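# Breakdown of the fold
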Amino acid sequence: MSKATRRSFLQKSILGGLFYTVGIPILQANNSLESVNLDSEFKLENSNYDKIDWKKIRAQFLFPKNRQYLNTASLGPSPRMVIDTVCKTIEELETTCSHGHHLTGKTHTQIAKFLNTSEDEIAVIRNATEGMNIIARTLRLKAGDEVIINTHEHVGGAAPWMALQKDLGVIVKLIDLDLDGEKNLKIIKNAVTSKTKAIAFSHITCTNGMKLPVKEIAAFCRNKNIYSCVDGAQALGMFPIDLTDMDVDFYTSSGHKWLFGPKGTGVFYMNKKWIKKLNPVFAGAYSDSKFDLNNLTMEYRDSVQREEYGTRNTAISLGLRSAIEFINTIGIENVAKRGRELSIYFRKGLSAIPGIEILTPESEEFSASMLTFRIKSKDNLKLNQQINSQYKIRLRGIYENNLDAIRVSFAIFNTFKEIDNLLLALKKITTN
Ligand SMILES: Cc1ncc(COP(=O)(O)O)c(C=O)c1O
């Protein structure tokens, strides 16, 4: 092989990676998989909120009708069309011996549209934790630099920064938040010093479902040359999100919670202003726009999709696309409204039960479709187990930040009847 031919071969195999594996063409153009037909059977007759058939939506989920699952904040079950997409894609890819990387572009388009941003700012990753790790390492912080996190962060949102503390001597500053929501912007602003390089925080906290003022925090960070790093694991799919309007530096989320996407999917966003300035931590096939092994030169793509290096699981990427299509069929505003209505209904019922303390702010400005509460004189983690085993209602105990509380998630498949059942159970428990 001449030098020029070898270079061209190497460029093809590493750059494109589509038709060659160790120099052997595994697919000819005429039998490659051009597309997977993902036409959905699921259609709603009406997206006018008052006329939505919620029973029809519930019927798209596989878990039994009598299973009372109010824990989407931990794991969102996938509707039939997502499962079908994943299965169908695996089958078609296996039939044609293709990894199907070239099909994943439609997922980026779908996510970008859903979040009002550009495709080049979006990558599909494995989960929110991976996203926060990418952010933490991409910033190339040094010993003595400060990062602010808070006591309401999930381990996946906090551990990547704590790892920097261990590895590099980065100082992680831990602050507490105001459970009413109102004072959080001020608390965060007050924690900043001249050494602060990044503030990492959740859009919605996993502890008490509290909404943080992302746009205001991002504006403050911009002004101070601090990176704003948002963990949207509990927000994406719960209500409309406009990344252009929020203008954060980084945003990451799971695909397998409120989006009801396949397990092992996540979304990563990097503001385009950083794409040329911050190099990726890992690189491989698809990270580059130019690659020349002989001359040891490489240029990165001007796209966050450079994070999707190497061979990936196309089926779950397309499944994530279907998950967003499913939500779009209902309308994200309608999804958000339903979650709010269920949450308000539950709050009203809870308030009538003596001895219950609600830990989630009431206003829509500071909360959405989750509610956390505790019964004062009880061990609430044990109580959560009792509710699960005795009343067959699946919630989540909140041990984080020593809250000793119980979290309820209100998703599109949940019903007012389920909330009545939960309230009845709580009344029985509190009167015993
Ligand atoms: C706020 C928050 N961040 C991160 C995670 C971790 O998500 P994943 O498992 O997708 O990494 C969770 C999971 O509950 C979470 O609530």
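Residues numbered from 1 in each chain as written. Predicted model: local features only at pLDDT ≥ 70, side-chain atom pairs only at ≥ 80, totals over all residues. Heavy atoms only, no water.

## Focus: the sheet that holds strand S10 (residues 266–270)
Read across the sheet, seven strands follow the order S4-S10-S9-S8-S7-S5-S6 without closing on themselves; strand pairing throughout is mixed. For this open sheet the edge positions go to strand S4 (122–125) and strand S6 (171–175), each flanked by a neighbour on one side alone. For this sheet, the mean angle separating the axes of adjacent strands, direction not counted, is 20 degrees. Sheet topology places strand S9 (residues 250–254) next to S10; five bridges connect them, and they run antiparallel. The residue bridging Ser-253 from the neighbouring strand is Val-267, located in S10. (Pairing = 2+ DSSP bridges. Helix = DSSP H or I, 4+ residues; strand = E, 2+ residues; numbered from the N terminus. Axes fitted to C-alpha atoms, helices over the stretch in contact; angles between N-to-C directions.)

## Remarks on the pattern of salt bridges
Note that side chains of opposite charge can pair when their charged atoms are close. In this structure the tally under the stated criterion is 13 salt bridges. Residues Lys-56 and Glu-45 are paired through a salt bridge, measuring 3.7 Å at the closest nitrogen-oxygen approach. Here the residue Lys-56 occupies a position in helix H2 (residues 54–58), and Glu-45 occupies one in the loop between strand S2 (24–25) and H2, the gap between them amounting to eleven residues. The exposure class assigned to Lys-56 is partly exposed, which follows from its relative accessible area of 28%. (Salt bridge = Lys/Arg side-chain N within 4 Å of Asp/Glu carboxyl O. Buried < 20%, exposed > 50% of the residue type's maximum accessible area, 1.4 Å probe, protein only.)

## Examining the site of the ligand
Neighbouring the ligand are 13 residues; Thr-129, Asp-231, Gln-234, Ser-254 and Lys-257 lie closest to it. Within the side chain of Asp-231, a nitrogen or oxygen atom sits 2.5 Å from a nitrogen atom of the ligand. Note that an oxygen atom of the ligand is positioned 2.6 Å from one of the side-chain N or O atoms of Lys-257. In isolation the ligand offers 400 Å² of accessible surface; the protein chains occlude 89% of this area. Residues belonging to the shell around the ligand are distributed by class as follows: four nonpolar, seven polar and two charged. (Near = heavy atom within 4 Å. Polar contact = N/O pair within 3.5 Å; in protein donor to acceptor, adjacent residues only side chain to side chain. Areas by Shrake-Rupley, 256 points an atom, 1.4 Å probe, with all protein chains shown as cover. Nonpolar A, V, L, I, M, F, W, Y, C, P; charged D, E, K, R; others polar.)

## Section: the sheet that holds strand S16 (residues 396–398)
The antiparallel open sheet is built from four strands, whose spatial order is S13-S14-S17-S16. Strands at the two margins of the open sheet, each flanked by one partner only, are strand S13 (356–358) and S16. The sheet shows a mean angle of 35 degrees between the axes of neighbouring strands, taken without regard to direction. Inspection of the sheet shows S13 paired to strand S14 (residues 370–375) by three bridges, in the antiparallel sense. If you follow Glu-357 over to S14, its bridge partner there is Arg-374.

## Some details on the packing of helix H13 (residues 380–391) against helix H14 (residues 416–431)
Interaxial distance between H13 and H14 falls to 11 Å at its minimum, and their mutual angle equals 120 degrees. Relative to H14, the element H13 lies oblique. You can see that H13 and H14 cross each other, and the crossing is right-handed. Contacts between H13 and H14 involve Leu-383, Gln-386, Ile-387 and Tyr-391 from the first element and Leu-422, Ala-425, Leu-426, Lys-428 and Ile-429 from the second. Of the residues in the contact of H13 with H14, the class split is seven nonpolar, one polar and one charged. (Parallel < 35°, antiparallel > 145°, perpendicular 65-115°, else oblique. Left-handed = near helix turned anticlockwise from the far one by under 90°. Contact = heavy atoms within 4.5 Å.)

## Examining the domain arrangement of the protein
When cut into domains, the protein gives domain 1 (101–329) and domain 2 (332–431). Across the boundary between the two partners, domain 1 contributes 25 residues, which contact 25 residues of domain 2. When the two sides are added together, the surface that domain 1 and domain 2 hide from each other amounts to roughly 2100 Å², 68% of it contributed by carbon and sulfur. When the buried area of domain 1 at its contact with domain 2 is split by residue, Thr-207, Lys-211 and Trp-258 rank highest and sum to 24% of it. Joining domain 1 to domain 2, the criterion identifies zero salt bridges. There are eight residue pairs in polar contact (both at pLDDT 80 or more) connecting domain 1 and domain 2. (Domains from an automatic or database assignment. Buried area = accessible area lost by both parts, 1.4 Å probe.)

## Considerations on the side chain of Glu-400
Looking at the secondary structure, you find Glu-400 in the loop between S16 and strand S17 (405–409). Since its relative accessible area comes to 12%, Glu-400 is described here as buried. Polar side-chain contacts of Glu-400 include one of 2.9 Å to the side chain of Arg-396.

## Description of the packing of aromatic side chains
Summed over all chains, the structure comprises 17 aromatic pairs. One aromatic cluster is present, built from ring pairs that chain together Phe-42, Phe-61, Phe-63, Tyr-69, Phe-260, Phe-326 and Phe-413. Positioned over the ring face of Tyr-309 is Arg-312, at 4.7 Å from the centre of the ring. (Phe/Tyr/Trp six-rings, centres within 6.5 Å; stacked < 30°, edge-to-face > 60°. Lys NZ or Arg CZ within 6 Å of the ring centre and 35° of its normal.)

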